[in-house]
Amino acid sequence: MKDKLVEWSYGAAWRLVRAMPEPIAAALFRAGADRAARKRGRSVERLRGNLRRVVGDSVPDERLDLLVRDGMRSYARYWLEAFRLPTMDKTELLRRFDLKGCEVFDVHRAEGKGIIVALPHAGNWDLAGAWVCARGWPLTTVAERLKPEAVYERFLDFRRSLGMTIVPHAGGERAPIDLLAEAVADRHIVPLLGDRDLSARGVEVSFFGGRTRMPAGPALLALRTGAPIYTVNMWNEADRSCGALKGPVPIPTEGTQTERVAAITQYIADDFAAGIAANPADWHMLQRMWLDSPAAGPDGGVPQSAGRGQEPA
């Protein structure tokens, strides 16, 4: 029954938000974000703690409150735009997003190489992916397998409708990294969300003065394929979302694979930190992030990003 309710809720939201005039939908999502910020539920408090790490102890609580409110507004905007993406034509997609430095995609593809892009949970990564596809570049990424299965399939259909090739994070017939390596060989753009993996598989890094773990996937894929890795800073502006590529990430030539993966992942973490510090309200991290943060059980509130891209296993 619960799975059916979740499935129905997502389906209803997709239909309703797409049918509404955008200004009305935007006002409703903004009001919902403000209400959530005032209630300070578990996910909002987690966001507040994460943003405190970003801005430091010198920022007064009143300013942090405003930053959390803006962060919830940015997160609500992500969901609003995600629900409305299937209604946007190519012209609208190209208007809604801009990626600085994207000319390197054509340069590397002309050399016969795919490109790995490591990105944080910031701005609107679904809109970014749709924009890449609208520009005519092939894109392959990973999606976390969700429960209920019907919601997972809905998100897969949604992303595929935007032109993306989606590899399941788990439960597929082949390992994700094998499929991603083939995509790189076919000169695809391969974006991978890479700012959080607190499992034992994650690579420990320093991040805003604390210790956390981030996915090894981008580094492992680069070492396996020789493809360049770029990082991207993502943020929102009033009338569009934006990104800026940085790279390529230096690839160490000496040391064990474990040491090389650690060095690459730390470099990615440092790039993420610079981008997040510049636009902290657009970092959508409503989950536990640092290893020394208290683990308060399952994260509550709104899901972090259903069906989001993940690191390859």
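I will try to describe carefully the structure that is included in this document. (Residues numbered from 1 in each chain as written. Predicted model: local features only at pLDDT ≥ 70, side-chain atom pairs only at ≥ 80, totals over all residues. Heavy atoms only, no water.)

### Structural notes on the overall build of the chain
As a reminder of what qualifies: Helical segments are the DSSP runs of H or I of at least four residues, strand segments are the runs of E of at least two, and each set is numbered from the N terminus. Exposure classes here rest on a 1.4 Å probe applied to the protein chains alone. A residue is buried below 20% of its type maximum, exposed above 50%, and partly exposed in between. All accessibility values rest on the Shrake-Rupley procedure with a 1.4 Å probe; residue burial counts only the protein chains present in the view.
Each helix and strand in the chain was counted, giving 11 helices and 9 strands. In the chain, which comprises 313 residues, the share counted as buried stands at 53%. Total accessible area on the chain stands at roughly 14,100 Å², and carbon and sulfur atoms take up 53% of it.

### Thoughts on the nonpolar core
Quick reminder of the rule: Joining through side-chain atoms within 4.5 Å is the link that ties buried Ala, Val, Leu, Ile, Met, Phe, Trp, Tyr and Cys residues into a set, and such a set is a nonpolar core.
Phe105, Phe207, Leu221 and Trp283 are the most contacted members of the largest nonpolar core, which totals 88 residues. For this core, the leading source of residues is helix α4 (residues 61-84), giving 10 residues.

### So, helix α11 (residues 257-278)
An α-helical turn contains 3.6 residues, so a residue and the one three or four places further along point in the same direction. The cut-off we apply is this: Every helix has an expected span of 1.5 Å times one less than the residues it contains.
Taking 1.5 Å of rise per residue, the 22 residues of α11 would be expected to cover 32 Å, and the 32 Å separating its terminal C-alpha atoms lies within 8% of that figure. Buried residues of α11: Val261, Ile264, Thr265, Ile268, Ala269, Asp271, Phe272, Ala273, Gly275 and Ile276, and no others.

### Here we look at the pattern of salt bridges
Put simply, the rule reads: One speaks of a salt bridge when a side-chain nitrogen belonging to Lys or Arg is within 4 Å of a carboxyl oxygen belonging to Asp or Glu.
Applying the stated criterion across every chain yields a total of 18 salt bridges. Between Arg95 and Glu92 there is a salt bridge, and its shortest N-O distance comes to 2.9 Å. With Arg95 and Glu92 both in helix α5 (residues 90-96), this residue pair falls 3 residues apart, about one helical turn. By relative accessible area, Glu92 is classed as partly exposed at 22%. Ionic contacts of the salt-bridge type, sharing partners, join the residues Glu22, Glu92, Arg95 and Arg96 into one network.

### Brief notes about the packing of aromatic side chains
Defined as follows: Only Phe, Tyr and Trp rings take part, Trp by its six-membered ring, and two of them pair if their centres are within 6.5 Å. Stacked means planes under 30 degrees apart, edge-to-face means over 60, and tilted covers everything else.
For the coordinates displayed, the defined rule picks out 11 aromatic pairs. When the centroid spacing of 5.7 Å and the interplanar angle of 40 degrees are considered together, the rings of Trp79 and Phe83 count as tilted. Of the two residues, Trp79 and Phe83 both sit in helix α4, 4 residues apart, roughly one turn of that helix. Phe83 shares its class with Trp79; the two are buried. Ring geometry for Trp283 and Trp290: centres 6.3 Å apart, planes at 80 degrees, overall edge-to-face. Trp290 matches Trp283 in its accessibility class, with the two residues each being buried. One aromatic cluster is present, formed by Tyr75, Tyr78, Trp79, Phe83 and Trp125 through successive ring pairs.

### Notes on the environment of Met164
To be explicit about the condition: Contacts between residues were defined by any pair of non-hydrogen atoms, one from each residue, lying within 4.5 Å.
You can see Met164 is positioned in the loop between α8 (149-161) and β4 (165-168). Met164 sits 24 residues away from Thr140 along the chain, and the two C-alpha atoms are 5.9 Å apart. If we ignore the near neighbours within four places in the chain, the residues touching Met164 are Asp126, Gly129, Ala130, Cys133, Leu139 and Arg159.

### Some thoughts on the pairing of strand β1 (residues 97-100)
Going by this rule: Here the rule is simple: two strands pair whenever DSSP picks up at least two bridges between them.
Covered by surrounding structure in β1 are Phe97 and Leu99 only, the residues Asp98 and Lys100 on the alternate face being uncovered. Note: β1 against strand β9 (residues 241-246), 4 bridges, orientation parallel. From the neighbouring strand, Phe97 faces β9, where its bridge partner is Ser241.

### Some points on the pairing of strand β3 (residues 140-143)
Residues Thr140 and Val142 point to one face of β3 and Thr141 and Ala143 to the other, with burial holding for every one of them. Here 4 bridges tie β3 to β4, and the two strands are oriented parallel to one another. Of the residues in β4, the one forming a bridge with Thr141 is Ile166.

### Side note on the sheet that holds β9
To be explicit about the condition: Fitted lines through C-alpha atoms serve as axes, helices being fitted only where they are in contact, and the angles separating the N-to-C directions of these axes extend from 0 to 180 degrees.
Taken in spatial order, the 5 strands line up as β1-β9-β8-β2-β5 in an open sheet, and their pairing is mixed. One side of each edge strand has no neighbouring strand; the edge strands of this open sheet are β1 and β5 (189-193). Here the strands of the sheet are splayed against their neighbours by 25 degrees on average, with no regard to which way each runs. Packing of helix α6 (residues 103-110) onto the sheet brings it into contact with β1, β2 (115-119), β5, β8 (229-236) and β9, and relative to β2 it is tilted by some 145 degrees. Running over the sheet, α11 touches β2, β8 and β9 and is turned about 20 degrees from β8.

Keep in mind these numbers describe shape, not what the thing actually does.
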